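Architecture at a glance
Residue-level listing of the chains:
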Amino acid sequence: MAKHHIETTVNGDAVEFLCETEETLLDVLRDTLHLTGSKEGCASGDCGACSVTLDGRLVCACLVLGCEVGGRRIETIEGMAEGEALHPLQTKFLEHAALQCGICTPGFLVASRALLERNPNPSETEIRYWLAGNLCRCTGYDKIVTAVKDAAVVMRKG
Amino acid sequence: MRYEAPETVERASALLADSAGEARILAGGTDLLVQMRSDIVDPALIVDIKRIAETRWITEEPGGGWRIGAAVTGAELKEHARLKQVWPGVVEAANLIGSTQVQGRATLGGNLCNGSPAADSVPALIAAGAVATLAGPQGRRDLPVEDVMLGPRKLALGKGEFVVSFGLPPRPPRSSDAYLRFIPRTEMDIAVVGAGVSLTVDASGTITEARVSLGAVAPRVLLVREAAAAIVGSRLDRVAQDRLEAAARAACTPIDDKRGTVEFRIQIAGVLARRTALIALDRARTQ
Ligand SMILES: Cc1cc2nc3c(=O)[nH]c(=O)nc-3n(C[C@H](O)[C@H](O)[C@H](O)COP(=O)(O)OP(=O)(O)OC[C@H]3O[C@@H](n4cnc5c(N)ncnc54)[C@H](O)[C@@H]3O)c2cc1C
Ligand code: FES
Ligand code: FES
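These notes cover the structure that comes with them. (Residues numbered from 1 in each chain as written. Chains lettered and ligands numbered in written order. Predicted model: local features only at pLDDT ≥ 70, side-chain atom pairs only at ≥ 80, totals over all residues. Heavy atoms only, no water.)

**Some words on the site of ligand 1**
In the vicinity of ligand 1, 35 residues are found, and the nearest of them are B:Ile25, B:Thr30, B:Asp31, B:Thr107 and B:Asp120. Looking at what sits near ligand 1, you find residues from chains A and B. Between an oxygen atom of ligand 1 and a side-chain N or O atom of B:Arg24, the distance comes to 2.8 Å. Contacts to ligand 1 include B:Asp120, whose side-chain N or O atom sits 2.7 Å from a nitrogen atom. For ligand 1, whose free accessible area comes to 990 Å², the fraction covered by protein is 92%. Looking at the shell around ligand 1, the elements with two or more residues in it are β2 (23-26), α7 (108-113) and β10 (162-168) of chain B. Among the elements that line the shell around ligand 1, the one with the most residues is α7(B), at four residues. The residue makeup of the shell around ligand 1, split by class, is 17 nonpolar, 11 polar and seven charged. (Near = heavy atom within 4 Å. Polar contact = N/O pair within 3.5 Å; in protein donor to acceptor, adjacent residues only side chain to side chain. Areas by Shrake-Rupley, 256 points an atom, 1.4 Å probe, with all protein chains shown as cover. Helix = DSSP H or I, 4+ residues; strand = E, 2+ residues; numbered from the N terminus. Nonpolar A, V, L, I, M, F, W, Y, C, P; charged D, E, K, R; others polar.)

Here it is as structure tokens:
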């Protein structure tokens with residue numbers, strides 16, 4: 001069967017691609033569009049390493065089909081820094097050593113940004129629940145939570 | 001594998017009915033994509049229903065009832081302040097499904113039609129007296145949610161039929177609902193037991209109507225009429241609580257698995273039924 005021809009928006013840029021029905025948005029991002037910042041940890045919705053937003057909604061790119069995203073708005077980790085200027089979350093993850101191997105980091109950053117856009121001043125409990133679908137095998141989470149709290153302070157000051 | 005995203009109910013059911021090979025509805029995909037990845041299902045046709053407007057709406061009807069589209073996500077339910085106030089149990093059950101990311105996609109229709117006896121939103125919907133509106137080649141019909149699932153992965157839907165939306169009945173004053181599940185951790189796990197309770201009290205605090213539903217304790221989610229009968233007419237005093245626990249336990253025919261033994265599940269079903277009823281009662285008094 002012919003491939004699907006999809007036109008969509010990724011990080012503000014108009015993008016078009018061809019995909020098979022069974023290809024996920026994560027496959028398309030990584031293998032077709034060569035945006036490899038989103039990671040595949042499990043391909044089953046459990047780890048959050050593939051987190052992106054779809055029309056502003058946080059989702060696992062591994063649980064979305066490429067052919068579903070025509071006309072939608074996708075934001076990935078590649079759209080987070082503005083040129084050389086890191087997003088406050090990125091700066092605070094570095095400052096607080098909130099990463100070790102780094103596989104989980106793009107997913108945590110995208111998920112944390114989605115949280116702070118809705119709730120600029122989350123409690124520790126709110127951060128931990130929001131990020132419960134992002135797994136990290138290295139850090140033990142405390143430094144990630146600290147970095148998110150600290151980034152929230154910076155962002156509230158604008 | 002063919003993919004279609006029709007914009008009308010009629011087109012969707014015609015596609016499903018005319019498919020020679022296996023056809024699957026796609027809502028949030030949080031079950032379907034996982035099952036496709038692990039080769040449990042390999043459909044010839046996928047029908048994405050999210051572009052059908054009525055599967056995506058939440059509306060309060062003039063008579064006080066509610067209509068919730070089958071493809072409304074958990075995240076959207078949570079953001080609906082008024083729905084949350086009237087049906088807190090339904091919303092809290094849907095919000096227990098998976099992580100924030102899963103909430104962004106997972107739907108009530110998918111949770112029901114995946115056909116798992118442990119699906120979290122289903123006991124809450126059954127307790128609420130929710131009715132599923134189905135559409136198929138012969139038109140539409142309504143089916144109480146407790147009659148949709150027949151057993152694990154077995155549904156009462158005919159060929160070409162799918163769930164378009166759910167109807168929730170009008171709410172008398174002093175009514176509320178609740179859902180609790182037991183899992184060994186605080187997030188991201190499958191219910192060992194789930195309990196949904198919906199009830200109405202009179203001005204003196206006596207329960208006048210109740211529905212109790214239990215998940216993960218039988219091949220399908222149960223509506224336990226005896227458990228409801230055990231508390232109607234009472235103010236949920238200790239005696240009524242004991243009757244409720246006993247009736248809930250008596251309805252269980254669970255399996256043994258790594259999440260819990262038969263004995264454990266039966267024990268927990270009683271405890272959860274009681275705790276859930278107490279929460280629903282507390283909420284109902286202030287409604
Ligand atoms: C990480 C993770 C955690 C999870 N945690 C939980 C949990 O805690 N509790 C829980 O209950 N579930 C959980 N799930 C399972 C899943 O998210 C839910 O069952 C969800 O509600 C499915 O909805 P969906 O819209 O994604 O369904 P889909 O995957 O789109 O569909 C599921 C099935 O139902 C069929 N279907 C969908 N919509 C309709 C319809 N309207 N009419 C007829 N058939 C239809 C599909 O063809 C498919 O067979 C989890 C899943 C993941 C990946
Ligand atoms: S790769 Fe998508 S959740 Fe793990
Ligand atoms: S830093 Fe290695 S998994 Fe999180």
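**Some words on the interface of chain A and chain B**
Tallying the contact residues gives 32 residues for chain A and 26 residues for chain B. Sorting the residues of chain A by area buried against chain B places A:Arg57, A:Leu63 and A:Glu68 first, and these three jointly supply 28% of that buried surface. On inspection of chain A and its partner chain B, the count reaches five salt bridges. With its nearest N and O atoms 3.4 Å apart, the salt bridge here joins A:Asp27 to B:Arg37. (Contact = heavy atoms within 4.5 Å. Buried area = accessible area lost by both parts, 1.4 Å probe. Salt bridge = Lys/Arg side-chain N within 4 Å of Asp/Glu carboxyl O.)

Worth remembering: the numbers are spatial, not functional.
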